[in-house]
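Residue-level structural notes
Given next are the chains, with one letter for each unit.
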Amino acid sequence: MTELEFDPKPRVAQPTAGPARSVRRRDKRRATSLFAHGEPMVWLTGGALGLALAMISTLLFVVISRGLPTFWPQPVVEIVTHGGERFAGEVALSESFALGPEALAALPEQAAARARAELAANDEQIARRMLRSGNYDLTGTHFRWVSDFEVAEESTPEWMLCVERLEWGRFYGVPTALEFDGRRTDGPSEQMWAEFERAHAQARATWDERRSIEEHDIGRLAKAKEEARLAVRSAELAHGAQSPERAAAEREAEALSAELDEEMRALGERIEELKALNAGRRLLVRTADGAQATLPLEQVVRAYPANRLGAFDKLAVYASRVEEFLLDSPRESNSEGGVFPAIFGTVLMTLIMSVLVVPFGVLAALYLREYARPGPLVSAVRIAINNLAGVPSIVFGVFGVGFFCYTVGGGLDTWLFPERLPSPTFGTGGLLWASLTLALLTLPVVIVPTEEALAAVPRSMREGSYACGATKWQTIWRIVLPRAMPGIMTGAILALARGAGEVAPLMLVGASKLAEELPIDGAFPYLHPERSFMHLGFHIYDLGFQSQNSEAAKPMVYTTTLLLIALVVVLNVVAIWIRARLRRRFQGAQL
Amino acid sequence: MDTSQPSPSLRKRGRRERKTRRSVLVAERVARTAISLGGGLTIATVSLICVFLAWVVIPLFGAATLSPARSLAGGRASEPIVACATDEYASLMWVLERSGRVSVLRLDTGATLETLSVSEQAQPAALGFDAASNVVAVGTSDGAVRLATLSFAVSYPDTAGSGEVLSTLRPEERTPFAGGLAERLADGQVRCVRLELSISEPFELGTGAAKSPPRLLDLNVTEAGATVAALFEDGRLTVGALKRTTNMMTGAETLRFRGGDLPAPNAPQSEQPIALRLLGAGDNVLLVWRDGRGVRYDARELRSATAAESLELLQSADVELTRVGAALGERTVLVGDSKGGVGAWFRTRPEQAGTVDGARMARGHWFAGDGVAVTAVAPSATSRSFAVGRADGRFELYFLTSEKQLAEGRTPDGSAVDALCLSPREDALLVHSAGGWSAHQLASHHPEASVTALLRPVWYENYEQPEHVWQSSSGADDFEAKFGLMPLVFGTLKATFYSLLFGVPLALLAAIFSSEYLAPRTRVAVKSTIEIMASLPSVVLGFLAGNVVAPLVQNSLAAVLASFYCVPIALLLGARLWQLAPQGLVLRLVSWQRLLVITLALPLGLLTASVLGPWIEDVAFGGSLEGWLDMQHGGAAPGWFLLLLPVAAIGATFAIARLGGGWVRRVSQHWSRARCAQFDLLRFCATGVCACLFAALAAALLSAAGLDPRGSLLDTYAQRNALVVGFIMGFAIIPIIYTLSEDALSSVPEQLRQASLGAGATPWQTALRVIVPTAASGLFSAVMVGLGRAVGETMIVLMAAGNTPIMDWNVFSGFRTLSANIAVELPEAVEGDTHYRTLFLAALALFAMTFVVNTGAELVRQRFRRRAYQL
């Protein structure tokens, strides 16, 4: 993939069929035999190429076609079955299947008759749909299958709401009343809906304030307390358990603790206040089967009357969901919400990795190509580095966990953070170790193209530079590196793409399914390289492979997949484009 | 090149003295140092990977070390030692002698700390010991039995409140304290270890009027309760469970024995059994005689226990049985003999056991010895190691499962070893001989690992035969981790094989087409597209494999399988039809247009497959391919037919070309192009019919011979299987093989191509006879690189292969590869233990495999390049 072959081949392979004139005998018309063209074999080769191209486009099509429409609001269907059940939901999946005779026999008589009728009419197939019926807190299920022959009545009620909640998944129902700070508006009506939107914004603002206090302020206090405890432990380790230093640290910690407790109480009061404020802001909803439910407004992330939406409203919902996806944290064990921490983690990890790998990769390439004395050793090293690109990524992960996490990190812990032991600080997977591991992994991706680019700088240019009296470094810095820049860029971008898409080593050295804190925050020292982080690729693995409620998580996985593919493909396309330009430039130089 | 000093000639001619600025010189030196240092360091780091992996792996194969003997002053036993054990920290040991006396020894000095007794009588009739719970059953001459529990109590007394003794204790110093031994630890705490002995109320074995004293006793204590077996002086054999009952009035607890007599062994009364053993959870009783005879009773139903099988534990008649012990878990019996051999026997469940409980005892392991009688056998309480002592004073430490000898030693005075004791942490080995106790420090690193245990079949406890097993963890407590790497290596090879089977032909053929039949501009576009395919993150591929492809393949298995036949047939047929098209049209469509025409055959093939597949499934496979694979219905013939069809087709093609080729060449010289094309179509159909006939014939023969493809290449269908993995792995390896082989084909010198075309060869002849042979080594190296990628691919196999470590070539079953195994298990492995190091070994193996393959490929490629430039 990173081969830089530049052979200007003006070659068009054309079938040279047609009668080749025989010189010797005029009477016998000698044609090139049709069989010699091996048309069937050519078709096999062409078919193979076509298949390869079809595979990649099908894959991209599948991901895009499943990833893009995820956030588009669907109409909510209310269904009444012949059995008298009523429920509402969005259609998640439609399929048809063959109903076996045993299953048919198990059905009640009337249903079986209907099923038989459909089977007869529909080529022995039964159509069924999977409805995302939500209301998990009431029904205990997120989805339900309904076969077409069971449906007695189907409608799309105007005011059927789709409510996304912080917990328990989606809720579908018709609003009957809005309670806001003691005011009650009955509905459903336009006026109530306008009221709801206002009330909802207020309730969410209140909730945001509460969450900010809970997360930031209380977290800060807890951290301060922990620091004080660590200071005591630190003094104990340094001076002994009975030392006056430890006693002093302990007194200080107690004083601080009292202070912090006071502050904590104040915050707790404020939280109670906000809770009380939001307690009276509720939406009363009636579900399709007539059950009444009360939804606290602060728990509602988004609600819309799905069947009333026009195209623009739908677009607005779509945009709002995309925004949430890109900028918000996940919730409901990652199957809802956004992937911001994963995007952040991926980008930050890749950046740190490239900051490490690009300079060192270029240094190594410069050394190999310009400074090391050519010989069998350098060739051997070159081959080894080339082959490092073929070493399985999991091996780098194993090295990373054994060397970086346990050996280096464990050493750092006993040296720098003995007071925190036995809970590890650097002695476990984290951002820094993941970046270092991936830097090692992508090293050959940088070294190989850089070296090739350095080698491709014409000898005449170096000699010209030396002839002008430039030193070696001046020649490299002013002449060679600028000309090799596109090659280095290609390497760097390919390394970025590889690093962003690699998951196997990260599973070992620090990616986690849910990281509580971002690796960068407002607390000193701002960048926390020891923290574990979320990663888009690992997110896909975790959601797609290990998720509890995998059906509900599926849309999320497809969108995340789309995002990751887009990221990686864009990086690769840029690299390929740069390389193509570079190739043209070199070809120009060679001519 | 040294350019800092201007040459003298320049200086002479120059009008003024030219001197290099100092800053330039400094920059030069700094750059040289920085680049050499940085570059060298980077390269060194890379080689560090291999070194580090090896450094972690090497201790796995290290031998155990045994320190020289340290004689303990006291505690020499005057009577045979029945049992002994140390505490977890190897600071105290208790020794139970035949007389019922228990002496507690300090292991640092050897002084006797205290002497207790488990029996009120001077000489108990029989003693039985359960090593797992440290309970001794003491049988008295009046037929009653008491249970004595010997347990070490560990406490951390407060140093301040316990007086002078402890507060003045220096670190690492030990002193007797409160009936035990106190030691100041490195972190300042004081740890006190004390032996606690509690003796239960007596209970009667059975209700029989005749109260005969027991001769042999054994007991087995589990969480559920205790089982006791006893052989009485009068030859009666009884086994039963102990129940603890509480008196409602007084609250006093009493032990009640409920059980039944076993049929007495039919052996001459003169010869008495030497050992009685309860096996496993107490549901089997083993009675052993000195001459090697043994009887195993099935005692699952205590009231109706019967003799299950009689055994010959020794190989030859002139050998006597000397010692009987049990390994950890009491499922394996260790039998030592007078010739020094030790056999490990456990129950297996073979197909035709012929016993009442369907089980048979088998000798799973054999430690041959060198002719000197075994005088002591002692198992470890935590692992499957055991120590063997001999009559000439030598003793050895073995690991049962791996049959690895860990360490050996000799008593100082060369007198026979009569008791051995391994500390729970296996850091101390205590040996008793006529000269008293001697202590050895032991470091037994990774006894369960050895080259043979990792790579050869190993006979694990209760398995029928030696097997390759990888099972690193389980819920059970006395579970033995099984580190057979072969299933994982096999899984890796299987994944590689099936993905190469799919990917290599596709990639090579595609490369030939794009290098020989595409215009340069199109070629660049196609190549870039395929390179994007190479950059797809494998987690995405794995996710799609598991969640899209696997269900799809399962739902339409017949159509998918049919497409493997239909697509090539559609292409071959399409080519024949295309030959019928007017020549003008054919010549006009080149490069991407031709590719487009060819590609149209693909959907046609797929469409045919989706119709034909289910139809064949109905007709030949009884309506359900999965059921057929599962051997639920149908015969072998249709399977053979489909498997053999490709082979038959190739055979038929060659046969027809061989038999009629010359004739066709002769006759077709005068034919028009259209006539040739018609003939070719006809010939294709004839070949197809021939192939079908061949395949049908062979299938009929094979199935008549009783052979069935199910059970080897084909078998029960699992949703995540090698077929799906092979297909999706294609996405990962096709681009690599394609790009590299396209490079190789393109760099064949242009003059060769021109010369061949100029000599009148068609492009296809040129490609087949000139280009491909010239580029062969390049193509080979491309395949090797693809192989390297397939070997190490992790996420795809992790998410789509089901991860079951089984060994069969079935296309429709899952597997577990080395890489996926590492990804799953390394996060849970404890740093430094055998599991962790074995996973590192797997990584090292992967590293070595891919490194060798890639280096080979690189060398081949370099040779190819040199040759190509020479041409």
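Residues numbered from 1 in each chain as written. Chains lettered and ligands numbered in written order. Predicted model: local features only at pLDDT ≥ 70, side-chain atom pairs only at ≥ 80, totals over all residues. Heavy atoms only, no water.

In this section: the sheet that holds strand 23 (residues 333-337) of chain B. Residues and elements named next belong to chain B. Spatially, 4 strands are ordered 22-23-24-25 in an open sheet, and the strand pairing comes out antiparallel. Since the sheet does not close on itself, it has two edges, and those belong to strand 22 (321-326) and strand 25 (360-367), each with one partner. Averaged over all pairs of adjacent strands, the angle between strand axes in this sheet comes to 25°, irrespective of strand direction. By the bridge criterion, 7 bridges tie strand 24 (residues 342-348) to strand 25 in an arrangement that is antiparallel. The partner of Trp345 across the bridge, within strand 25, is Arg363. (Pairing = 2+ DSSP bridges. Helix = DSSP H or I, 4+ residues; strand = E, 2+ residues; numbered from the N terminus. Axes fitted to C-alpha atoms, helices over the stretch in contact; angles between N-to-C directions.)

On to the side chain of A:Thr560. Position of A:Thr560 among the secondary structure elements: in helix 16 (residues 550-590). Judged by relative accessible area, which is 0%, A:Thr560 ranks as buried. (Buried < 20%, exposed > 50% of the residue type's maximum accessible area, 1.4 Å probe, protein only.)

This part takes up the domain arrangement of chain A. Residue and element names in this part refer to chain A. Taken domain by domain, chain A holds domain 1 (65-168 + 303-327), domain 2 (183-279) and domain 3 (340-590). Each of domain 1 and domain 2 has a C-alpha centre, and these two points are 42 Å apart. Between domain 1 and domain 2, the contact holds 7 residues from the first and 7 residues from the second. Summed over the three residues of domain 1 that lose the most area to domain 2, namely Trp159, Leu166 and Ala303, the buried surface amounts to 73% of that side. Run the count over domain 1 and domain 2 and you get 1 salt bridge. In this structure, Glu190 and Arg308 form a salt bridge, with 2.4 Å as the shortest nitrogen-oxygen distance. (Domains from an automatic or database assignment. Contact = heavy atoms within 4.5 Å. Buried area = accessible area lost by both parts, 1.4 Å probe. Salt bridge = Lys/Arg side-chain N within 4 Å of Asp/Glu carboxyl O.)

Turning our eyes to something else, we now look at the packing of helix 8 (residues 557-580) of chain B against helix 11 (residues 601-620) of chain B. Residues and elements named next belong to chain B. Across the interface, helix 8 lies against helix 11 with an axial gap of 7 Å and an inter-helix angle of 135°. Judged on the interaxial angle alone, helix 11 and helix 8 are oblique. Classified by chirality, the crossing of helix 11 by helix 8 is right-handed. Seen from helix 8, the contacting residues are Ala558, Ala559, Ala562, Ser563, Cys566, Val567, Ala570 and Leu571; seen from helix 11, they are Ala601, Leu602, Gly605, Leu606, Thr608, Ala609, Ser610, Leu612, Gly613, Pro614 and Glu617. For the contact of helix 8 with helix 11, the per-class residue count stands at 13 nonpolar, 5 polar and 1 charged. (Parallel < 35°, antiparallel > 145°, perpendicular 65-115°, else oblique. Left-handed = near helix turned anticlockwise from the far one by under 90°. Nonpolar A, V, L, I, M, F, W, Y, C, P; charged D, E, K, R; others polar.)

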